[in-house]
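So the chains spell out like this:
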Amino acid sequence: MKKIYKHSIENIKNTDTFDNTFSIDYLANTSSENVKIIYMRDLLESHKNEQVLERVKEKPAMWSEVYSPKDELEIFTKLLEQAIEKQEKIHIVWITLKEEIEMLEAYYTDLWFMREEINCFEVYFSVPLVTVSCRIENLMWRWSDYKAQREAIHFNPPVRESGQNKALFKWITRWTIAGIELWEFTDDKQDFIGKCIREEKILPLHMGKVLKYNLEDIWLEGEVKELQIRY
């Protein structure tokens, strides 16, 4: 069995060297005395579009407009601008839009975190005033799943179109999105994390960062738990 640390993957003593299992720590029930944690779902709730909600039974994918991308982007823009203006350190949980990350990347570029030789960001997450996490469900599901899943994936913020789903993966691998929020950790979520590693959508070392180490660099605290992934 192999343990994923912040900068390395090492064999665990007294375990089978040839056992194809990763041991990955993740941070649960996060909080912080130094960083203001903001949940996008709470701010979006007051923007709930009841008129669109009436159409969701006939067209399940309309759920994405119950909490519209336009409203989410306006909220994010205001949070980003206010944090920089007031020099307040915030962590925004549950972003869903590539437009949000493009704004964040512009901010990180101004902080000289862009590494052009690898076309990725190397962010020291203790430094920026604004950091973000996405929720694992917005990676697991996409627009086309509404027809089959219906109310089972009626989240706030919603599952967005496929292009937004792909964008979240892109900006995780470009090292801009700091964390993946797991909430209640189910077998489906563990299977999905295993699939991401096996299909190399998110490499093992970076999976450890977005589940724990980046969050600790932001000064978030929580209960450290372990998951084991076969590869």
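Going by the structure above, here's the rest.
In what follows, the accompanying structure is described. Because the structure is predicted, anything quoted here is derived from the model rather than measured.

Regarding its fold elements, the chain presents 10 helices and 10 strands. Taken against the 2.2 N^0.38 rule, which gives 17 Å for 231 residues, the C-alpha radius of gyration of the chain at 18 Å falls within 12% of a compact globule. Across its three principal axes, the chain shows a C-alpha extent of roughly 60 × 45 × 35 Å. A total of 231 residues make up the chain; the buried ones form 50% of that total. Contacts in the chain between residues at least 24 apart in sequence constitute 71% of all its contacts with a sequence separation of at least 6.

Before going further, it helps to spend a moment on the pairing of strand E3 (residues 21–31). The element E3 is extensively covered by neighbouring structure, given that nine of its 11 residues are classed as buried. Summarising the sheet, strand E1 (residues 2–4) and E3 pair through two bridges and their orientation is parallel. Its bridge partner lying in E3, Lys3 is registered against Ser23.

Together, Leu111, Tyr124 and Val127 make up a nonpolar patch on the protein surface, roughly 280 Å² of accessible area in all. Within the secondary structure layout, Tyr124 lies in the loop between strand E7 (120–121) and strand E8 (130–135).

Below, the discussion takes up the sheet that holds strand E9 (residues 179–181). Read from one edge of the open sheet, four strands run E4-E5-E8-E9, paired in parallel fashion. In this open sheet, the two strands that pair with only one neighbour each are strand E4 (36–39) and E9. Averaged over all pairs of adjacent strands, the angle between their axes in this sheet comes to 30°, without regard to strand direction. Pairing geometry for E4 and strand E5 (residues 90–93), over four bridges, is parallel. From the neighbouring strand, Ile37 faces E5, where its bridge partner is His91.

Time to look at unusual backbone geometry. For the bond from Asn156 to Pro157, the omega torsion is -5°, close enough to zero to count as cis. Mapping Pro157 onto the fold places it in the loop between helix H7 (146–149) and helix H8 (162–173). In the Ramachandran plot, Gln87 falls in the positive-phi region, its phi being about 55° despite a non-glycine side chain. By the element assignment, Gln87 lies in the loop between helix H4 (69–86) and E5.

Time to look at the packing of aromatic side chains. Considering all chains together, one arrives at nine aromatic pairs under this definition. Summarising the aromatic geometry, the rings of Tyr107 and Tyr108 are spaced 5.7 Å apart at their centres and angled 40° between planes, so their arrangement reads as tilted. No difference in accessibility class separates Tyr107 from Tyr108, as the two residues are buried. Judged by centre distance (6.1 Å) and plane angle (55°), the rings of Phe113 and Tyr124 are tilted. Of this pair, Phe113 sits in the loop between helix H5 (98–110) and strand E6 (114–115) while Tyr124 sits in the loop between E7 and E8, and the two are 11 residues apart along the sequence. Among the aromatic residues, ring-to-ring pairing joins Tyr107, Tyr108, Phe113 and Tyr124 into one connected group. When the ring centre of Trp219 is taken as origin, the NZ or CZ atom of Lys89, which lies over that ring, is 5.2 Å away. The side chain of Lys201 reaches across the aromatic face of Phe169, ending 5.5 Å from its centre.

With that out of the way, let us pick up the sheet that holds E1. Paired through backbone hydrogen bonds, the strands of a sheet run either parallel or antiparallel to each other. Pairing is mixed in the open sheet, where four strands are placed in the order E2-E1-E3-E10. This sheet does not close on itself; its edge strands, each paired only once, are strand E2 (9–11) and strand E10 (221–230). Mean inter-strand twist for the sheet, computed between neighbouring axes without regard to direction, equals 30°. Bridging between E3 and E10 involves nine bridges; their strand directions are antiparallel. Within E10, the position partnered with Leu27 by the bridge is Val224. Contacting E3 and E10, helix H9 (residues 187–198) runs over the sheet at an angle of about 65° to E10.

What counts and how
- Residues numbered from 1 in each chain as written.
- Predicted model: local features only at pLDDT ≥ 70, side-chain atom pairs only at ≥ 80, totals over all residues.
- Heavy atoms only, no water.
- Helix = DSSP H or I, 4+ residues; strand = E, 2+ residues; numbered from the N terminus.
- Rg over C-alpha atoms; globule rule 2.2 N^0.38 Å.
- Buried < 20%, exposed > 50% of the residue type's maximum accessible area, 1.4 Å probe, protein only.
- Contact = heavy atoms within 4.5 Å.
- Pairing = 2+ DSSP bridges.
- Patch = residues over 30% accessible without salt bridge, like charges linked within 9 Å, V, L, I, M, F, W, Y side chains within 5 Å.
- Areas by Shrake-Rupley, 256 points an atom, 1.4 Å probe, with all protein chains shown as cover.
- Salt bridge = Lys/Arg side-chain N within 4 Å of Asp/Glu carboxyl O.
- Axes fitted to C-alpha atoms, helices over the stretch in contact; angles between N-to-C directions.
- Phe/Tyr/Trp six-rings, centres within 6.5 Å; stacked < 30°, edge-to-face > 60°.
- Lys NZ or Arg CZ within 6 Å of the ring centre and 35° of its normal.

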